[in-house]
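This is what each chain is made of:
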Amino acid sequence: QVQLVESGGGLVQAGGSLTLSCAASGRTFSSYAMGWFRQAPGKEREFLGAITRSGGSTYYADSVKGRFTISRDNAKNTLYLQMNSLKPEDTAVYYCAAAQKLHEIVVMTPDHWGRGTQVTVSS
């Protein structure tokens, strides 16, 4: 089992940048593929991207390609989401997730979820 805690959310103006972190504990971090999701008010949860166990490969949803970057530091047991050129429509609660296989992240059936962190982008 692994426990996930997101942090780094807050208020940022349109066009700005923000970096989110997801700290993992309870089990070897490097044994999990990881991913990021978000959910805006009144909307369904949306897949943003995923990263393999070693960090060697990443996958992004078309909506965030070129603006968001996923990375991980296995020595620090931490997953990151670098968000650039933020838009008001990026406002949402952002969640990280972990799974034994990357495919489980992509199809949105991960084994573990964090509790989320709020990101608000003002115009």
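What counts and what doesn't
Sequence order as written defines residue numbering, which begins from 1 separately in each chain. Only residues with pLDDT of at least 70 are given local features in this predicted model, and only at 80 or more are side-chain atom pairs given and counted; all residues enter the totals for whole chains, interfaces and linings. Hydrogens and waters are ignored; side-chain quantities use all the structure's heavy atoms. Note: two strands are recorded as paired if DSSP finds a minimum of 2 bridges between them. Labels follow the DSSP assignment, with helices taken as runs of H or I lasting at least four residues and strands as runs of E lasting at least two, numbered in each case from the N terminus. To get an axis, fit a line to the C-alpha atoms, keeping to the stretch in contact for a helix; angles then go from 0 to 180 degrees between the N-to-C directions. Side-chain rings of Phe, Tyr and Trp (the six-membered ring for Trp) are treated as a pair once their centres are within 6.5 Å; stacked means planes under 30 degrees apart, edge-to-face means over 60, and tilted covers the remaining angles. Lysine and arginine charges are scored as sitting over a ring when NZ or CZ, respectively, is within 6 Å of the ring centre and within 35 degrees of the ring normal.

Chemist: Quick rundown of the sheet that holds strand β1 (residues 3-7)? Include the residues and the values.
Modeler: Read across the sheet, 4 strands follow the order β1-β3-β8-β7 without closing on themselves; strand pairing throughout is antiparallel. Each edge of the open sheet carries a strand with a single partner, namely β1 and β7 (68-73). Sheet twist, expressed as the mean angle between neighbouring strand axes with direction ignored, is 20°. Inspection of the sheet shows β7 paired to strand β8 (residues 78-83) by 6 bridges, in the antiparallel sense. Bridging from a neighbouring strand, R72 pairs with L79 of β8.

Chemist: Lay out the packing of aromatic side chains in plain terms, naming residues and giving numbers.
Modeler: Considering all chains together, one arrives at 3 aromatic pairs under this definition. Look at F37 and W113: their rings are 4.8 Å apart centre to centre, the planes differ by 55°, and that puts the pair in the tilted class. Separated by 76 residues along the polypeptide, F37 in strand β4 (residues 33-39) and W113 in strand β10 (residues 112-113) bring together distant segments of the chain. Counting every residue linked through ring pairs, the aromatic cluster contains F37, F47, Y59 and W113. The aromatic ring of W113 is capped on one face by R45, whose charged end is 4.5 Å from the ring centroid.

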